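Letter by letter, the chains look like this.
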Amino acid sequence: MGAYRVCVYAICKNEAKFAKRFMDSVSEADDVVVLDTGSDDDSVKLLTGLGAHVYTEKIEPWRFDTARNRALALVPENTDICVSIDLDEVFRPGWRDKVEAAWAKGADMIKYRYTWSFNPDGSEGVVFWINKIHARHGFRWINPVHEVLTHDGPIRALYAEGVQVDHLSDPTKSRAQYLPLLELSVQEDPDNDRNMHYLGREYLFNKKWQACIDTLKRHLSMPKAIWPDERCASMRFIARAEVELGHAREAEQWLLRACAEAPYLREPWLDYARLLYLQNNFYGMVFLAQRALEIAERPRSYVCEADAWGFLPYDLLSLGLFYTGQKERALEAAREALRLAPYVERLKNNVACIEAALAQEHPQA
């Protein structure tokens with residue numbers, strides 16, 4: 001037992017295959033509370049057998065904030081630190097001591113590192129920092145989907161360096177409920193800029209190009225939409241939708257705005273480089289890829305994309321260099337891209353093609 005009482009709470013539906021892994025991951029907590037929302041597998045039985053306090057309740061109509069608030073209400077009143085985590089997520093060992101160390105500095109909420117996805121070779125994909133560890137009282141969840149914690153008053157949120165959660169997702173789960181729930185979120189709170197951005201992004205995922213453009217333009221016009229990182233993302237997503245509609249000029253205008261909005265992010269430079277590749281503007285590609293690579297510090301925000309911090313900058317750079325006749329440098333960049341993503345067959349082929357081109361130019365004596 002530590003200096004503080006720690007309770008993990010979660011919602012669950014048909015998560016039997018994750019039950020043991022989840023319970024092993026949160027075993028450092030004093031209590032584990034799970035609200036099952038209608039499983040028809042062995043979730044309840046397995047979790048109970050492994051030591052969780054499991055309650056059952058159907059949430060109708062379904063919304064994530066309601067379910068999480070019901071689960072939070074089940075956390076014992078004498079809890080100091082509440083930890084919200086899903087069953088397809090895993091804490092790496094030693095998390096509790098690091099959380100308590102941050103808590104001792106006067107935190108109401110803890111921010112910690114979160115790996116949302118992994119690449120095929122097991123390396124990290126999308127990584128950002130989240131804040132689902134909080135005090136027992138004064139907090140509640142809001143929004144039907146992409147739910148977030150809110151508090152009655154000021155919050156002191158501190159980073160807990162070394163706390164790591166990995167999202168080991170179930171690829172069979174559908175995202176079908178996300179779009180209608182996001183539309184509901186915007187109907188309920190039309191002034192919420194974050195939800196408007198999420199809705200526009202979801203339209204992009206669903207290939208609703210014009211709806212994406214219209215919604216993200218609304219986001220950018222909102223008085224509260226002032227965070228440059230998210231504004232930049234909206235501009236980039238509009239550009240992607242414009243490309244799909246065959247509007248290259250409009251896409252380029254939005255990408256220029258995105259680069260100006262958040263020049264410290266890699267993503268806008270790389271999106272612009274991809275557009276120039278489609279236009280055969282290879283000198284521009286080289287400049288933009290190099291500009292992205294000059295940004296050495298990976299942001300902690302959720303808008304950070306995996307490709308931007310993986311092989312993509314070197315891949316685009318190698319293509320630009322090759323088509324501008326700089327084959328030796330192109331080979332260096334291509335090899336670096338392959339080192340970062342050895343599972344991508346196209347990168348292997350690129351290296352082989354550049355090596356072959358160089359061999360033709362400089363045959364063995």
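Residues numbered from 1 in each chain as written. Predicted model: local features only at pLDDT ≥ 70, side-chain atom pairs only at ≥ 80, totals over all residues. Heavy atoms only, no water.

Some words on the overall build of the protein chain
The test is simple: Helical segments are the DSSP runs of H or I of at least four residues, strand segments are the runs of E of at least two, and each set is numbered from the N terminus. Using a 1.4 Å probe on the protein chains alone, a residue whose accessible area is under 20% of its type maximum counts as buried, one over 50% counts as exposed, and one in between counts as partly exposed. Contact between two residues is taken to exist if any of their heavy atoms lie within 4.5 Å; hydrogens are not considered. Here the open area of atoms and residues is found with the Shrake-Rupley method and a 1.4 Å probe, where only the protein chains shown may cover a residue.
The helix and strand inventory of the protein chain stands at 14 helices and 10 strands. Residues classed as buried in the protein chain amount to 52% of the 365 residues present. Taking contacts inside the protein chain between residues at least 6 apart in sequence as the whole, the part at least 24 apart equals 66%. For the protein chain, the accessible area works out to roughly 17,600 Å², and carbon and sulfur atoms hold 51% of it.

As for the pattern of salt bridges
The line we're drawing: The salt bridge criterion pairs a side-chain nitrogen of Lys or Arg with a carboxyl oxygen of Asp or Glu, the two atoms within 4 Å.
Summed over all chains, the structure comprises 28 salt bridges. The salt bridge partner of Asp-271 is Arg-236, with a shortest N-O separation of 3.0 Å. Taken together, the residues Asp-271 in helix α10 (residues 266-278) and Arg-236 in helix α8 (residues 228-244) connect sequence positions 35 residues apart. In terms of burial, Asp-271 and Arg-236 fall into one category: buried. A salt bridge links Lys-348 to Glu-345; its shortest N-O distance comes to 3.7 Å. Residue Lys-348 and its partner Glu-345 are located together in helix α14 (residues 345-361), separated by three residues, close to a single helical turn. Residue Lys-348 is classed as partly exposed on the basis of its relative accessible area of 37%.

A few points about the state of the cysteines
Put simply, the test is: When two cysteine sulfur atoms are found within 2.5 Å, that pair is recorded as a disulfide.
On inspection of all chains with the given rule, the structure shows zero disulfides. Cysteine Cys-212 remains unbridged, with the sulfur of Cys-232 as its closest cysteine sulfur at 14 Å.

Quick word on the environment of Tyr-114
Filter applied, for reference: The definition of a polar contact used here is a pair of N or O atoms within 3.5 Å, where within protein one atom must be able to donate a hydrogen and the other to accept one, and adjacent residues in sequence count solely through side-chain atom pairs.
With respect to the helices and strands, Tyr-114 occurs in strand β6 (residues 109-115). In this structure, the C-alpha to C-alpha distance between Tyr-114 and Arg-92, residues 22 residues apart in sequence, is 11 Å. Setting aside residues up to four positions removed in sequence, Tyr-114 forms contacts with Glu-89, Val-126, Val-127, Phe-128, Ile-130, Gln-164, Val-165 and His-167. There is a polar contact of 2.6 Å between the side chain of Tyr-114 and the side chain of Glu-89.

Some details on the pairing of strand β3 (residues 53-56)
Just so we agree on the cut-off: Strands pair, by our definition, only if DSSP identifies at least two bridges between them.
Examined bridge by bridge, strand β2 (residues 31-36) and β3 share four bridges and lie parallel to one another. The residue of β3 that forms the bridge with Val-34 is Val-54.

Digging into the packing of helix α6 (residues 193-205) against α8
Our working rule: Only the contacting stretch of a helix is used when fitting its axis, a line to C-alpha atoms as for every element, and angles between N-to-C directions run 0 to 180 degrees. Under this scheme an angle from 65 to 115 degrees is roughly perpendicular, one under 35 degrees roughly parallel, and one over 145 degrees roughly antiparallel; angles in between are oblique. Rotating anticlockwise by less than a right angle from the far helix to the near helix defines a left-handed crossing, while the corresponding clockwise rotation defines a right-handed one.
At a minimum axis distance of 10 Å, the contact between α6 and α8 shows a crossing angle of 25°. By the angle between their directions, the pair α6 and α8 is classed as roughly parallel. Crossing of α6 over α8 shows left-handed handedness. Side by side, α6 and α8 meet where Asp-193, Arg-194, His-197, Arg-201 and Leu-204 of the first sit next to Glu-230, Ala-233, Ser-234, Phe-237, Arg-240 and Ala-241 of the second.

What about the environment of Ala-10?
Locating Ala-10 in the fold gives a position in strand β1 (residues 6-12). Here Ala-10 falls in the buried class, since its relative accessible area comes to 1%. The contacts of Ala-10, once residues within four sequence positions are left out, are Phe-22, Val-33, Val-34, Leu-35, Ala-71, Ile-85 and Leu-87.

Some thoughts on the packing of aromatic side chains
How two aromatic rings sit relative to each other is given by the distance of their centres and the angle of their planes. Cut-off, in case you're wondering: What counts as a ring pair is set by centres within 6.5 Å for rings of Phe, Tyr and Trp (its six-membered ring), and what kind of pair is set by the plane angle: stacked under 30 degrees, edge-to-face over 60, tilted for all other angles.
Tallied over the entire structure, the rule returns 11 aromatic pairs. Plain terms: the ring middles of Trp-62 and Phe-64 are 5.2 Å apart, the flat faces sit at 80° to each other, and that makes the pair edge-to-face. Among the residues examined, Trp-62 registers a relative accessible area of 26% and is labelled partly exposed. One aromatic cluster in this structure is built from Tyr-277, Phe-282, Phe-322 and Tyr-323.

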